[in-house]
Amino acid sequence: MDLGVRWTLHGDGRTPAPGAVVRPDERLSWPRTAGLGAQHVVAMFGASFVAPVLMGLDPNLAIMMSGVATIVFLLATRGRVPSYLGCSLSFVGVAAVIRAQGGSSATVTGAVFVVGAALFLVGLAVRHFGARIIHAAMPPIVTGAVVMLIGFNLAPVTAATYWPQDQWTALFVMLFTGLAVVCLRGFWSRIAIFLGLVFGYVLSWGLDRVFGQIHSANASGEVTDHWRLDLSGVGQADWIGLPALHGPSFEWSAILVALPVVIALIAENAGHVKAVGEMTGDNLDDKLGTAISADGVGSMLSTAVGGPPNTTYSENIGVMAATRVYSTAAYWAAAGFALLFGLCPKFGAVVAAVPGGVLGGITVILYGMIGLLGAQIWINAKVDLRNPLNLVPAAAGIIIGVGNVTMEFTDTFSLSGIALGTLVVITGYHALRAFAPAHLKTQEPLLDEGTSSYDTGGEGADAAGSGGKGDDGAGGGGGRSAKS
């Protein structure tokens, strides 16, 4: 069985010729491949640092399990889809909601485990029936609205939790990160979040030396005198050791809050596979279902031991675009480095010590970017918001999701925020479509433009899904990857 772990040497193994690309089944020399792997790890560090900290989970375990998930993904896709699976930021909002309802870390990981299982099943369905089932149930207007309300639902977390801990540090970190995103080029722009974290770390240390302790809310919300940067845990941490593990706990209320994120993850994977296929020149349509299922399995493995979920990372697409090296060998090297970092508790203690004010400045930009990815999905798909069939369900769902509107069904069961907003968008769109006049239904195609074989009348879709032989349907681009 070909597992995609054999590579031919590209040229002399040193530097690709001008205009040449290193294909997924090729590699450079092993020292250069290891260097590229380290570059991929650095590219994913920013979001993978922030996500577990914001979710209240162990960053060491997050980094280690991202390496495990990447290995699973590479094996499942047999080395045809170069990708790194890092900690997903799409779950930060649901983690905050679950904890606000009294949920523990086990409750968070249990809810996300179910999301991973659902994603795995969606991938199997795509392999069997083709990607039409995704686009029929979740057209771009629905996908974009759900991604948008997930991102903007996080705004109160920044405003009430992180920003008040050190407003001036948050302001300077926000400005620095914004400048880094806009002004830097190439690889450096891809790690702007990471650079913002480093800047905030150093700034907080310097402010402590110059001005002493700050009188503000700490991480628990208690107003007191405290150091901006508390490194006491770093000195106590060991250099080598296993991360703390815990099993998931399953509660229906938490699961219902988390399930809508499946939509965002499907959009991320579809966009990622499409983008990689365009860059490498390979038709990866037959790997969409496998990629979605592999992402689900990776998240299930991670959350089963107490880690965060994982998803494909657009930051690493940027690294490939800049280097023109698409070798999956580099991703195997990146996964190896991630496993090593995960076995260093001192590294995790440094990550966990990131000051709240720094997170405040980072999340102002980060959460907004997640939300606006929904708008990007609409733009790419040319969604017409003048059409009331699109406008009404999206508008209602977004306001419910962002405003954390609550609907109480019984004394013990209610839906609110992300879960209720997603339900309103999906059911509202399909219910209105059933009653809408014909001229409103024909303004938007079933599939967005640029879904490769589907653009030619659907022959590719029928071929891919016929006979139930397990081939994946061609993958469309409901959206771009959201780390993110």
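Above this text is the structure in question.
All values reported here derive from a predicted model rather than from experimental measurement. (Residues numbered from 1 in each chain as written. Predicted model: local features only at pLDDT ≥ 70, side-chain atom pairs only at ≥ 80, totals over all residues. Heavy atoms only, no water.)

I keep staring at the side chain of T77 and nothing clicks. Help me out?
Relative to the elements of secondary structure, T77 occurs in the loop between helix 2 (59–76) and strand 3 (85–87). Within the structure, T77 has its side chain in polar contact with the backbone oxygen of F73 (distance 2.9 Å). Those residues in contact with T77, other than ones at most four positions away along the chain, are K287, T290 and A291. (Helix = DSSP H or I, 4+ residues; strand = E, 2+ residues; numbered from the N terminus. Polar contact = N/O pair within 3.5 Å; in protein donor to acceptor, adjacent residues only side chain to side chain. Contact = heavy atoms within 4.5 Å.)

Can you walk me through unusual backbone geometry in this structure?
The general pattern is negative phi for most residues beyond glycine and trans for most peptide bonds. Not every positive phi belongs to a glycine, and R78 is a case in point at roughly 55°. Topologically, R78 is positioned in the loop between helix 2 and strand 3. The phi torsion at K382 lies on the positive side, around 55°, for a residue other than glycine. Following the sequence through the fold, K382 ends up in the loop between helix 18 (356–381) and helix 19 (388–403). The exposure class assigned to K382 is exposed, which follows from its relative accessible area of 60%. (Buried < 20%, exposed > 50% of the residue type's maximum accessible area, 1.4 Å probe, protein only.)

What's the story with helix 14 (residues 288–304) in this structure? I'm lost.
Residues separated by three or four positions in an α-helix point in the same direction, a consequence of the helix having 3.6 residues per turn. In this model helix 14 runs 24 Å from its N-terminal to its C-terminal C-alpha over 17 residues, within 8% of the 24 Å that 1.5 Å per residue would give. Counting buried positions along helix 14 gives 13 out of 17 residues, so the element sits mostly inside the fold. In the stretch just after helix 14, G306 is the one whose phi turns positive, near 105°. (Expected span 1.5 Å × (residues − 1).)

How should a nonpolar patch on the surface be read in this particular structure?
On the surface, L385, L391, V392 and L432 cluster together into a nonpolar patch covering about 300 Å² of accessible area. Locating V392 in the fold gives a position in helix 19. By relative accessible area, V392 is classed as partly exposed at 45%. (Patch = residues over 30% accessible without salt bridge, like charges linked within 9 Å, V, L, I, M, F, W, Y side chains within 5 Å. Areas by Shrake-Rupley, 256 points an atom, 1.4 Å probe, with all protein chains shown as cover. Salt bridge = Lys/Arg side-chain N within 4 Å of Asp/Glu carboxyl O.)

Sorry, what's going on with the packing of aromatic side chains here?
The geometry of an aromatic ring pair comes down to the distance between the two centres and the angle between the two planes. All chains considered together, the criterion is met by three aromatic pairs. Centre to centre, the rings of W7 and W30 are 5.9 Å apart; their planes meet at 85°, and the pair counts as edge-to-face. Here W30 lies in helix 1 (residues 30–55) and W7 lies in the segment before strand 1 (8–9), a separation of 23 residues in the sequence. With centroids separated by 5.9 Å and ring planes inclined at 70°, the aromatic side chains of F113 and F250 adopt a geometry described as edge-to-face. Placement of F113 in helix 4 (residues 105–129) and of F250 in the loop between helix 11 (232–236) and helix 12 (252–258) is noted, with a sequence separation of 137 residues between them. Judged by its relative accessible area of 47%, F250 falls in the partly exposed class. Positioned above the aromatic ring of W227, the side-chain terminus of R209 is 5.8 Å from the ring centre. (Phe/Tyr/Trp six-rings, centres within 6.5 Å; stacked < 30°, edge-to-face > 60°. Lys NZ or Arg CZ within 6 Å of the ring centre and 35° of its normal.)

So far we have only geometry, and geometry alone does not tell us how the molecule works.
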